[in-house]
Amino acid sequence: MTAAPQAPVRIAVAGALGRMGVQVAGAVQGRAGLRLAARFDRPGAQGEGLVSMDEALAACDVVIDFSTPTASVALAEACAARGGPALVTGSTGLDAAQVAAIDRAAQRVAIVRSGNFSLGVNLLIGLVRQAARALPAADYDIEVVEAHHRRKVDAPSGTALMLGEAAAAGRGKPLPELEVRARDGVTGPRREGSIGFAVLRGGGVVGEHSVMFAAEDEIITLSHSARDRGLFARGAVEAALWVAARPPGLYGMADVLGMDA
């Protein structure tokens, strides 16, 4: 007896008019096992085929969101209030209160939250953690360098912060104890064990991230270059397929990819 074909996972795309929203919709339509069920954007937005957020949430199993921090929190809370759908969100620039709000929503629905959906970046995060654990802080200084296009509004990028958190975890401390977000003027000598950030913005750079471990006699650099933002859309789509059948909880790309945290 032939098994009945499995119904495709229904996907809604938030921020559908944005650059990532367009990429995500295309990736959903090109992925077997998924169906683009709805597209929506900010209230009052005009566009062919757009529906309201409430209509979209009622029509889908998973919503994929690359919008703004405020919109992402509202979306997570709406999903939680309904008891579904599941949520995949890649918004960056969230403050502590907004992160906490999404964490609370994850108590009622399954949420994948990540600052980067690239397989390569998530492998890089693991390598940075291992390197920071192996290289003594007294000898190796850590600098995170990132570059993005001129339209990006938050800095450091969500991915840079993820890399910083991985480095801090390798050193056995929380990032806020070690991070140096900016340097200007006479700053004095570098504090041992600190993790510095450098931010570049310009042109159409999709995303460049490097983590430098600098000693007196050698420099080790781990890096990743994104050439097409479609890779982030494809990663989010894979996360949506994975999370559709998961129980409530907060997940990351390490969970989706089956990688050790």
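As a reminder, the structure under discussion sits directly above these lines.
Computed from a predicted structure; not experimentally measured. (Residues numbered from 1 in each chain as written. Predicted model: local features only at pLDDT ≥ 70, side-chain atom pairs only at ≥ 80, totals over all residues. Heavy atoms only, no water.)

## Observations concerning the environment of Asp 141
Summarising the element assignment, Asp 141 is placed in strand β6 (residues 141–148). With 51 residues separating them in the primary sequence, Asp 141 and Glu 192 have C-alpha atoms 7.5 Å apart. The contacts of Asp 141, once residues within four sequence positions are left out, are Arg 190, Met 212, Phe 213 and Ala 214. One polar contact links Asp 141 to Arg 190, side chain to side chain, over a distance of 3.4 Å. (Helix = DSSP H or I, 4+ residues; strand = E, 2+ residues; numbered from the N terminus. Contact = heavy atoms within 4.5 Å. Polar contact = N/O pair within 3.5 Å; in protein donor to acceptor, adjacent residues only side chain to side chain.)

## Looking at helix α4 (residues 96–105)
Given 3.6 residues per turn, any residue in an α-helix points the same way as the ones three and four places further on. Of all the positions in α4, only Gln 98, Ala 101, Ile 102 and Ala 105 are classed as buried. Buried residues along α4 cover an arc of 95° about the axis, so they all sit on one side. Along α4, the residues that are exposed and aim more than 90 degrees away from the buried face are Ala 96, Ala 97 and Arg 104. Residues of α4 that are buried in the fold lie against α3 (69–82) and β5 (110–113). Of the residues that open α4, the one with a side-chain oxygen 3.2 Å from the backbone nitrogen of Ala 97 is Asp 95. (Buried < 20%, exposed > 50% of the residue type's maximum accessible area, 1.4 Å probe, protein only. Arc of directions from axis to C-beta.)

## Topic: the packing of aromatic side chains
As enumerated under the stated definition, the model contains two aromatic pairs in all. Consider the rings of Phe 66 and Phe 117, whose centres lie 5.7 Å apart with planes at 70°: the pair is edge-to-face. Here the residue Phe 66 occupies a position in the loop between β3 (62–65) and α3, and Phe 117 occupies one in the loop between β5 and α5 (119–134), the gap between them amounting to 51 residues. As far as burial versus exposure is concerned, Phe 66 and Phe 117 are alike and both buried. With centroids separated by 5.1 Å and ring planes inclined at 80°, the aromatic side chains of Trp 242 and Tyr 251 adopt a geometry described as edge-to-face. You can call Trp 242 buried: its relative accessible area is 18%. Across from the ring centre of Phe 197, 6.0 Å away, lies the NZ or CZ of Arg 181, which sits over that ring. (Phe/Tyr/Trp six-rings, centres within 6.5 Å; stacked < 30°, edge-to-face > 60°. Lys NZ or Arg CZ within 6 Å of the ring centre and 35° of its normal.)

## Observations concerning the pattern of salt bridges
Counted under the stated rule, the structure contains 11 salt bridges. Measuring nitrogen to oxygen at the nearest pair gives 2.7 Å for the salt bridge that ties Glu 143 to Arg 183. On the criterion of sequence distance, the pair formed by Glu 143 in strand β6 and Arg 183 in the loop between β7 (179–180) and β8 (195–201) is long-range, its members being 40 residues apart. Using a relative accessible area of 11% as the deciding quantity, one classes Glu 143 as buried. Judged by relative accessible area, which is 43%, Arg 183 ranks as partly exposed. Here Glu 146 and Arg 201 are joined by a salt bridge, their closest N and O atoms 2.7 Å apart. Residue Glu 146 is located in strand β6, and its partner Arg 201 is located in strand β8; the two are separated by 55 residues in the primary sequence. Several salt bridges converge on common partners, so that one network encompasses Asp 141, Glu 143, Arg 183 and Arg 190. (Salt bridge = Lys/Arg side-chain N within 4 Å of Asp/Glu carboxyl O.)

## Observations regarding the packing of helix α1 (residues 19–29) against helix α8 (residues 230–243)
Where α1 meets α8, the axes come as close as 8 Å, and the angle between the chain directions of the two elements is 55°. As far as their axial angle goes, α8 and α1 are oblique. In the packing of α1 onto α8, the handedness of the crossing is right-handed. Contacts from Met 20, Gln 23, Val 24, Ala 27 and Val 28 in α1 reach Gly 230, Phe 232, Ala 233, Arg 234 and Val 237 in α8. Looking at the contact of α1 with α8 residue by residue, the class counts come to seven nonpolar, two polar and one charged. (Axes fitted to C-alpha atoms, helices over the stretch in contact; angles between N-to-C directions. Parallel < 35°, antiparallel > 145°, perpendicular 65-115°, else oblique. Left-handed = near helix turned anticlockwise from the far one by under 90°. Nonpolar A, V, L, I, M, F, W, Y, C, P; charged D, E, K, R; others polar.)

Remember, this is a structural readout, not a statement about activity or role.
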